[in-house]
Amino acid sequence: MSKFEYAPAPESRSVVDIASSYGLFIDGKFVEPADGVSFKTVNPATEETLADVSQASAADVDRAVKAARRAYERVWGPMSGAERGKYIFRLARIMQERAREFAVLESLDNGKPIKESRDVDVPTAAAHFFYHAGWADKLEYAGLSPAGSPPPKPLGVVGQVIPWNFPLLMLAWKIAPALATGNTVVLKPAETTPLTALLFAEVCRQADLPPGVVNIVTGAGETGQALVEHPDVDKIAFTGSTAVGKAIARTVAGTRKRLSLELGGKAANIVFDDAAMDQAVEGIVTGIFFNQGHVCCAGSRLLVQESVADDVIRRLKRRLQTLRVGDPLDKNTDIGAINSAEQLGRITELAQVGEAEGATRWSPECTLPERGYWFAPTVFTDVSQSHRIAQEEIFGPVLSVLTFRTPQEAVAKANNTPYGLSAGIWTEKGSRILWMADQLKAGVVWANTFNRFDPTSPFGGYKESGYGREGGRHGLEAYVSLDADGTTRPTRTGGSR
Ligand code: TAP
C-alpha cells in the first residue's frame, strides 16, 4: 500500500533577528566581557554558526554579582510583593507576545522540533512566570513558616546554572521563583544554547525590570564554576549532570550558601498487562523520544510485563516507523537534531556498548540529513539489569527494554538505579497505581501519562538525582529564609526518604 507523505511545512526564520555577536547582560545593559573572549553558538541541525557569544570571566561574574547585590539591597529586596508581582506578570506577558520568536530561536540553537518549542517549552516557560507572579504578594500565606512566626524572607543574590536541553524552560524554572520571593539573579545558560537567555535579557529591558535584578553571564563550565565559587552569592541553584552537581556540592560544602540540585535520571516506564496498550505505546514514545530523549526525567527504561512484552514491542516498532526525523523547523518533525557533536559522540558510544554487551539493537528505517548531528530513534531489547544501557543516563533517543512478572519485581527493577527522578505506571487499576507510587523511589510518578509538566506541581529527585524541589509551593522553599533575622541556613529541601 502506498504511504501518504507529508509535504514540508517549514516555520519561517524571518521572525528572529539574530545579532552577529552578543555581550553579557549585566546591570540592565549588554556589556563587553573584560577580556574580550567569545565563543560561537551553532545550529546543530546544519552546523551553521548562529552568533558569537561573550565568554564571561571571573571578573565579569564578579561584576554581575555586584550588580545583583546592589539591586537586591536598593530596589528588589525593599519592593513590596505586589509591585514585584507586576514586573513578573509583565515578563510573562511579553514572553507570550514574543512566543513565536522564542520558539524559532530555541529550535535553531537547540535542534528541538518547532512543534515542541512552540507547544511545550515556550508556553510552559510563560506559565512559570504567570504562576510565580501570583505568589509574589502571598508568600506569608504559603504555609512555608509556622503560624505566628515571621514571614519568609528572600536569601539575597542567587547564582543559577542551567543545561542545554530546555534552555528557556530551565531559565523560567530558575528565575521565576527567585524573583517572586524577592531575590536577584545571576544566571549562566549552557554554552551550546545561550540565545534564548539573551533574548530573555532583552525582554527584561522591555519590561523595565530594574537594572541588576536579572543578569545573564554566558560562557562554559569555568564561568559556572566562577559563579558557584563567588563568595557573595547566597544560594546556588543548579540543573545539570550528576557529576557536575557533585563537584558543586563539594565546592559549596562548608560555606553559608544554600544549594539545590536538579540532576540526572534513568526513569522506569512500567507497563502492566492490563494497560490501555495504544495509549501506553504513545506514552512510551513521548517518554523517551520527546526532545530527542534529552530529558532528565525521560522514560529511558521500559519495564514491560512479560506476558504482553512481544505485543508491546511489536506495536512500538510499528509506531516508531511513523516518526519523522529531520529539520527542526519543519512543523511535521517529531525528532530533531542532537544538540552537539559531543552529545552525539556520547550517545553513539553508549549504543555501541549496548550491542557489545549483547543487547539487540533496532531502529526504524530513516534517512538522516547529511549535515548536522543526528541519531535515529533506537530500541534495545534483550537488555539485562547489569548492562550499562540499563544503568547509565544516555540522554538521547535510546530506549532499553526489560521485562518483569510481578509488581514486586517491577518495583525492585525500577528502583535499581542510583537515580530517582521520575517513573511512569501504565495500568487500569487505581489501587495498583497507588501501591506502586508509594514504593517507587522517584520524585515524580506519572500514571497513564508521561513527561507532563505544570508550574503548580513540584519537581525534583531522590538519591543521585539531586535535592530541592522546583515548581509549586514546595519550590518556593528553596528561595526563602525562615529565620527571624533573615540569615540563610545551610538546609536542604526535599531529599531522600
Ligand atoms: P552539565 O554538563 O552538568 O552542565 C550543566 C551546566 O553546568 C551548564 O551550564 C554547564 O556549562 C555548567 N557547568 C559545567 N561544569 C561546571 C562546573 N564545574 N561548575 C559550574 N557549572 C558547570 O549538564 P548538561 O550536559 O548540560 O545537561 C545534561 C544533564 O542535565 C543531564 O544529566 C540531565 O539529566 C540533567 N538535567 C536535569 C534536569 C532536572 S530538573 N533534574 C533537567 C534538565 C537536565 P557548559 O554548558 O558550558 O558545559
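Notes on the structure in this doc start here. Please read these numbers as outputs of a predicted model, since none were measured by experiment.

## Digging into the site of the ligand
In the neighbourhood of the ligand, 30 residues make up the surrounding shell, with I162, E191, S241, L263 and E393 lying closest. One of the backbone N or O atoms of G240 is found 3.2 Å from an oxygen atom in the ligand. Between the ligand and L263 there is a distance of 2.7 Å, counted from a nitrogen atom to a backbone nitrogen or oxygen. Within the residue set of the shell around the ligand, elements represented by two or more residues are helix 5 (167-180), helix 7 (221-229), strand 10 (235-239) and helix 8 (242-252). The leading source of residues in the shell around the ligand is helix 7, at three residues.

## Structural notes on the packing of aromatic side chains
Throughout the structure, instances matching the rule amount to 13 aromatic pairs. On the basis of an interplanar angle of 50° and a centroid distance of 6.2 Å, the ring pair of F89 and F130 is categorised as tilted. Here the residue F89 occupies a position in helix 2 (residues 81-97), and F130 occupies one in helix 4 (residues 114-135), the gap between them amounting to 41 residues. Classification of F130 as partly exposed rests on a relative accessible area of 25%. Consider the rings of W164 and F395, whose centres lie 5.3 Å apart with planes at 80°: the pair is edge-to-face. A residue pair is termed long-range when its members are at least 10 positions apart, and W164 in the loop between strand 7 (157-161) and helix 5 and F395 in the loop between helix 12 (388-391) and strand 16 (398-404) qualify at 231 residues. Here W164 matches F395 in class, with each residue buried. Positioned above the aromatic ring of Y479 is the side chain of K235, whose terminal nitrogen or guanidinium carbon lies 4.8 Å from the ring centre. Note that R324 overlies the ring of Y6, its terminal NZ or CZ placed 3.8 Å from the centroid.

## As for the sheet that holds strand 1 (residues 21-22)
Spatially, 1-5-4 is the arrangement adopted by the three strands of the open sheet, whose pairing is mixed. The open sheet is flanked by strand 1 and strand 4 (38-42), the only strands paired with a single partner. In this structure, strand 1 lies alongside strand 5 (residues 49-54), joined through two bridges in parallel fashion. Pairing of S21 across the sheet is with D52, part of strand 5. Contacts between helix 6 (residues 195-206) and the sheet are confined to strand 1, strand 4 and strand 5, with strand 5 contributing the most and set at about 65° to the helix.

## Some details on the pairing of strand 13 (residues 301-305)
Of all five residues in strand 13, five are buried; the element is thus mostly enclosed. On strand 13, burial covers both faces: R301, L303 and Q305 on one face and L302 and V304 on the other are all buried. For strand 12 (residues 268-271) and strand 13, the ladder comprises four bridges, and the chain directions are parallel. Directly across from I270, in strand 13, lies its bridge partner L303. Traced from strand 12 through helix 9 (residues 277-289) to strand 13, the parallel crossover comes out right-handed. Pairing of strand 13 with strand 16 involves five bridges; the strand directions are parallel. Note that in strand 16 the partner of L303 across the bridge is L402.

## Brief notes about the packing of helix 3 (residues 99-110) against helix 4
Packed helix pairs are characterised by how far apart their axes lie and by the angle those axes make with each other. For the pair helix 3 and helix 4, the least separation of the axes is 9 Å and the interaxial angle reads 125°. It follows from the interaxial angle that helix 3 and helix 4 lie oblique. As for the relative orientation of helix 3 and helix 4, their crossing is right-handed in sense. Mapping the contact onto sequence places A99, F102, A103, V104, E106 and S107 in helix 3 and I114, S117, R118 and V122 in helix 4.

## What to know about unusual backbone geometry
Of note, the phi angle at E47 is positive, near 65°, even though the residue is not glycine. Looking at the secondary structure, you find E47 in the loop between strand 4 and strand 5. Overall, the relative accessible area of 33% leaves E47 in the partly exposed class. Not every positive phi belongs to a glycine, and K463 is a case in point at roughly 50°. The topology assignment puts K463 in the loop between strand 18 (444-447) and strand 19 (466-467).

## Section: the sheet that holds strand 14 (residues 360-362)
Reading across the sheet, the seven strands line up as 14-15-16-13-12-17-18 and stay open at both edges, with mixed pairing between neighbours. At either end of the open sheet lies a strand with only one pairing partner, and these are strand 14 and strand 18. The average undirected angle you get between the axes of adjacent strands in this sheet is 20°.

## Details of the environment of R93
Its location among the elements puts R93 in helix 2. Residues R93 and V203, spaced 110 residues apart in sequence, show a C-alpha to C-alpha distance of 10.0 Å.

## Some remarks on the pattern of salt bridges
This structure, assessed with the given rule, holds 29 salt bridges. One salt bridge in this structure joins K40 and D52, with 3.2 Å as the shortest N-O distance. Highlighted residues: K40 in strand 4 and D52 in strand 5, separated in sequence by 12 residues. Accessibility expressed as a relative area gives 52% for K40, which makes it exposed. One salt-bridge network, held together by shared partners, links R69, D232, D234 and R256.

## Focus: the pairing of strand 7
Summarising burial for strand 7: five of the five residues are buried, a large majority. Burial of strand 7 is two-sided: the residues V157, G159 and V161 facing one way and the residues V158 and Q160 facing the other way are all buried. Bridge count for strand 7 against strand 8 (residues 184-188) is five bridges, and the pairing is parallel. In the sheet register, Q160 faces strand 8, and the bridge partner there is L187. Read from strand 7 through helix 5 to strand 8, the crossover connection turns out right-handed.

Conventions and cut-offs
- Residues numbered from 1 in each chain as written.
- Predicted model: local features only at pLDDT ≥ 70, side-chain atom pairs only at ≥ 80, totals over all residues.
- Heavy atoms only, no water.
- Near = heavy atom within 4 Å.
- Polar contact = N/O pair within 3.5 Å; in protein donor to acceptor, adjacent residues only side chain to side chain.
- Helix = DSSP H or I, 4+ residues; strand = E, 2+ residues; numbered from the N terminus.
- Phe/Tyr/Trp six-rings, centres within 6.5 Å; stacked < 30°, edge-to-face > 60°.
- Buried < 20%, exposed > 50% of the residue type's maximum accessible area, 1.4 Å probe, protein only.
- Lys NZ or Arg CZ within 6 Å of the ring centre and 35° of its normal.
- Pairing = 2+ DSSP bridges.
- Contact = heavy atoms within 4.5 Å.
- Axes fitted to C-alpha atoms, helices over the stretch in contact; angles between N-to-C directions.
- Right-handed = clockwise from strand over helix to strand, strands pointing away.
- Parallel < 35°, antiparallel > 145°, perpendicular 65-115°, else oblique.
- Left-handed = near helix turned anticlockwise from the far one by under 90°.
- Salt bridge = Lys/Arg side-chain N within 4 Å of Asp/Glu carboxyl O.

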